Amino acid sequence: MAEASSSNPAFSRNPVFNGKAVAPQTPTISAEGLQDLYDRPAATPSETDRMSYDDTIIKTVGLFAVFLVTAAIGFFTNIPLPTPLGIGLLVVGAIGGFALGLVNAFKREPSVPLILLYAAFEGLAIGAISGFFEAQWSGIVIQAVLATLAVFGVTLALFASGKVRASKRATKVFLIAMVGYLVFSLLNFVLMITGLNTNPWGLRGAVIFGIPLGLVIGVLVVIMAAYSLVLDFDAIQRGVKGGAPRKYGWSAAFGLMTTIVWLYLELLRILAIFRN
């Protein structure tokens, strides 16, 4: 019976699939050659072009280096007082960071230039915002940075030790809480820009039993951000164990940056409300 041939040119024109390839000769190998193969060191992730923890850390550090350079520019344009240039950098950085954040979040394949551009724009915005806060409350930025590093370090240590893990039930609760927080933030924003709430913090400025609502919500959101870090660590771990291509280390770095920036902003706001 004649062998069937695929009509797909990708198969029919390739001798590997159309039956016209010459069968390769099996090479013979001596006992010494076989022992030499066993004695050779295993290939590293970089040699196999696979994702690794070290490579992901390097990419993350590089991304934050770009972020910090532009953040310094945005920060010092608003110190000791906010300036029109600082406001302009805030607007440009916020729009650029938001747009590139969406693009990178929905791209199936990571784009290194777009991820680096995101870090640059995000740095401008966060730096300008930090400058505004620092001009109002001296020393608040370093406090927020140290608090962010503390939360990140503790979360990473707990995850690495196996004491904290992502679970389906916790993730469902996290997603529900995230949606609720987004709705609250949107409502609060609308009330503030329409003048229906004149408090500088909007609904967050309301005092309940002597405690500003913003502090209570802030603590809950910091817990949410910490769990988001756990989800990020879990995703990176699965990527490394699953042998994902090395380029996806950039996606991991991008994801970590968005979570850490969110955590920093929430801590910055908590400290400002507390000091106010």
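Attention in this report is confined to the structure presented alongside it. (Residues numbered from 1 in each chain as written. Predicted model: local features only at pLDDT ≥ 70, side-chain atom pairs only at ≥ 80, totals over all residues. Heavy atoms only, no water.)

**Looking at the packing of aromatic side chains**
- Under the defined criterion, the tally for this structure stands at nine aromatic pairs.
- Relative to Phe 67, the ring of Phe 64 has its centre 5.9 Å away and its plane inclined at 70°; by these criteria the two rings are edge-to-face. Of this pair, Phe 64 and Phe 67 are both found in helix 4 (residues 53–76), three residues apart, which corresponds to roughly one turn of the helix. When sorted by exposure, Phe 64 lands in the same class as Phe 67, which is buried.
- Between Phe 133 and Trp 201, the aromatic rings sit 6.4 Å apart at their centres with planes inclined by 45°, giving tilted as the arrangement. With a gap of 68 residues between them, Phe 133 in helix 6 (residues 112–136) and Trp 201 in the loop between helix 8 (168–193) and strand 1 (207–208) connect regions that are remote in the sequence.
- Phe 133 gets classed as buried once you look at its relative accessible area, which sits at 16%.
- Ring-pair connections join several aromatic residues into one group, and the members of that group are Phe 133, Trp 137 and Trp 201. (Phe/Tyr/Trp six-rings, centres within 6.5 Å; stacked < 30°, edge-to-face > 60°. Helix = DSSP H or I, 4+ residues; strand = E, 2+ residues; numbered from the N terminus. Buried < 20%, exposed > 50% of the residue type's maximum accessible area, 1.4 Å probe, protein only.)

**Overview of the packing of helix 7 (residues 140–160) against helix 10 (residues 248–275)**
- Where helix 7 contacts helix 10, the axes come no closer than 9 Å and their chain directions differ by 130°. Considered as vectors, helix 7 and helix 10 are oriented oblique to each other. Two packed elements cross with a definite hand, and for helix 7 against helix 10 that hand is right-handed. On the side of helix 7, the interface is formed by Ile 140, Val 141, Gln 143, Ala 144, Val 145, Ala 147, Thr 148, Val 151 and Phe 152, while helix 10 contributes Ile 260, Leu 263, Tyr 264, Leu 267, Leu 268, Leu 271, Ala 272 and Arg 275.
- Here the contact of helix 7 with helix 10 is composed, by residue class, of 14 nonpolar, two polar and one charged. (Axes fitted to C-alpha atoms, helices over the stretch in contact; angles between N-to-C directions. Parallel < 35°, antiparallel > 145°, perpendicular 65-115°, else oblique. Left-handed = near helix turned anticlockwise from the far one by under 90°. Contact = heavy atoms within 4.5 Å. Nonpolar A, V, L, I, M, F, W, Y, C, P; charged D, E, K, R; others polar.)

**A few points about empty space enclosed by the protein**
- Tallying each qualifying case throughout the model produces one cavity of 30 Å³ or more.
- Each pocket or cavity is described by its volume, and for the largest cavity that value is around 40 Å³.
- Forming the walls of the largest cavity are Tyr 181, Arg 204, Gly 214, Ile 217, Gly 218, Val 221, Glu 266, Arg 269 and Ile 270.
- Per-element accounting of the lining of the largest cavity gives the leading share, four residues, to helix 9 (residues 213–241).
- Here the lining of the largest cavity is built from residues that sort into four nonpolar, two polar and three charged. (1 Å grid on protein atoms, 1.4 Å probe; cavity = no way out; pocket = protein on both sides within 12 Å on 5 of 7 lines; lining within 4 Å. Points joined across faces, edges and corners; volume = space filled by probe spheres on them.)

**Structural notes on helix 9**
- Across its 29 residues, helix 9 extends 42 Å between first and last C-alpha, which sits within 8% of the 42 Å expected from 1.5 Å per residue.
- Positive phi appears at Gly 243, one or two residues downstream of helix 9, with a value of about 70°. (Expected span 1.5 Å × (residues − 1).)

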